[in-house]
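# Structural overview for review
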Amino acid sequence: MLDTDWSDSWRGAFRIELRAEAIGLAWHGWPVLPGTSPAAEAGTQAWSGPVPVHEDWADRLGAHPNEVAEWWTGRPYSLLVATGRVVDAVEVDVELGKRAARLLRATGHPAPIVATPDGRWLFLTTVAENLPEELATSGAVRWHGEGSWVPLPPTPFQHGVVHWRVKPDVWGWQLPAADAVHTVLARALDQEDRTQQLVAAASVAA
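The residue H144 is located in strand β6 (residues 142-144) in this model. Here H144 falls in the buried class, since its relative accessible area comes to 3%. A polar contact of 2.8 Å, which involves the side chain of H144, links it to the side chain of S148. The contacts of H144, once residues within four sequence positions are left out, are T83, D88, A89, E91, L122, W149 and V150.

In C-alpha cells:
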C-alpha cells in the first residue's frame, strides 16, 4: 500500500512539474503543446515518441499561459514545442551533438540544447528559411521547421526523461541566430567526416 501511495505521489509531482514547465515556456512566448506519453498509451501500441494530443494543434499555437495551464491540469501529457514559428530545432546524434557543443562553447555563445533518452540532441535556434546544403544533404541531420515539433524537458520516454544539456536561460531566453548554429554544426559534421576518413585510411593501411 505504501509503495502504491509513493508511486501515485511521484506521478502527481511529475505532472505538476510538466505543467509548471509548460506555463513558464508559454510566458516566454514559446508555442508549447501537450503531447502523448508512454504511460498514457501503455498497452495500445509501440510508442515511438510524443506527438500532439490535439489534431488541431496548429490552430492552438500561441495559447495564453492560462489556457496552457488548463491543458496540463491533472493530465499526464508530455511537453512539446511547435517549430517554425518562434523556435527551430536541428536534430543530430550524440557524437555529432557533443562535437558541435564543444565548438559552440569555444565561441562563448552556447545554444540551448535538449537531449532525449534515445540518443538524440536538439539544438534550438531562431526560425530559419532553410538549412545549409551540407546539413540538408546529410543523413545525420534533421531539421524541425514549420509543421513540426520537438519534445522539451521533462518529457518522459519509455526509458528515461528528456533533459537540458544547455538551458535557455543561459542565453537570457534569447535564441541564438539559426545561421550561426548551422555554421557550427556544419564544422562539426566536417570534422566527423574527416575523422571517419582517417580511420578508414588507417584500416586499409593496416
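Turning next to the pairing of strand β5 (residues 120-125). Burial runs high along β5: 5 of the 6 residues are buried. Of the strand pairs in this sheet, strand β3 (residues 88-93) and β5 are connected by 6 bridges, and their pairing is antiparallel. Each bridged residue has a counterpart across the sheet, and for D88 the counterpart in β5 is T125. Summarising the sheet, strand β4 (residues 113-115) and β5 pair through 3 bridges and their orientation is antiparallel. Looking at the pairing, V114 lines up with L122 of β5.

Among the nonpolar cores identified, the biggest contains 25 residues, and W30, V68, W72, L79, L124 and L152 are the most heavily contacted of them. For this core, the secondary-structure elements that each account for two or more residues are α1 (2-27), α2 (65-72), β2 (78-82) and β5. Among the elements that take part in this core, α1 stands out by supplying 5 residues, more than any other. Not counting residues within four places of it along the chain, the set of residues in contact with V68 comprises A22, I23, A26, V32 and A63. V92, W121, F123 and A188 belong to the second-largest nonpolar core, a separate cluster that totals 22 residues.

In this chain, P153 is followed by P154 through a cis amide linkage whose omega measures 0°. Looking at the element boundaries, P154 is found in the loop between β7 (149-151) and β8 (156-157). In this structure, W173 is a non-glycine residue whose phi angle is positive, near 65°. W173 sits in the partly exposed class, given a relative accessible area of 27%.

With that out of the way, let us pick up the environment of P112. Position of P112 among the secondary structure elements: in the loop between α3 (94-107) and β4. A sequence separation of 11 residues divides P112 from F123, and the C-alpha atoms of the two residues are 6.1 Å apart.

Counted under the stated rule, the structure contains 2 salt bridges. Among the salt bridges present, the one from D56 reaches R60, with a minimum N-O distance of 2.8 Å.

Here the focus is a positive patch on the surface. On the surface, K98, R102, R105 and R165 cluster together into a patch of positive charge. The greatest single-element share of the positive patch, amounting to 3 residues, is contributed by α3. Its place among the elements puts R105 in helix α3. Relative accessible area serves as the criterion here: at 55%, R105 is assigned to the exposed category.

Conventions adopted
Residues numbered from 1 in each chain as written. Predicted model: local features only at pLDDT ≥ 70, side-chain atom pairs only at ≥ 80, totals over all residues. Heavy atoms only, no water. Helix = DSSP H or I, 4+ residues; strand = E, 2+ residues; numbered from the N terminus. Buried < 20%, exposed > 50% of the residue type's maximum accessible area, 1.4 Å probe, protein only. Polar contact = N/O pair within 3.5 Å; in protein donor to acceptor, adjacent residues only side chain to side chain. Contact = heavy atoms within 4.5 Å. Pairing = 2+ DSSP bridges. Core = buried A, V, L, I, M, F, W, Y, C linked by side-chain atoms within 4.5 Å. Salt bridge = Lys/Arg side-chain N within 4 Å of Asp/Glu carboxyl O. Patch = residues over 30% accessible without salt bridge, like charges linked within 9 Å, V, L, I, M, F, W, Y side chains within 5 Å. Areas by Shrake-Rupley, 256 points an atom, 1.4 Å probe, with all protein chains shown as cover. Lys, Arg positive; Asp, Glu negative; His and termini not counted. Charge placed at Lys NZ, Arg CZ, Asp CG, Glu CD.

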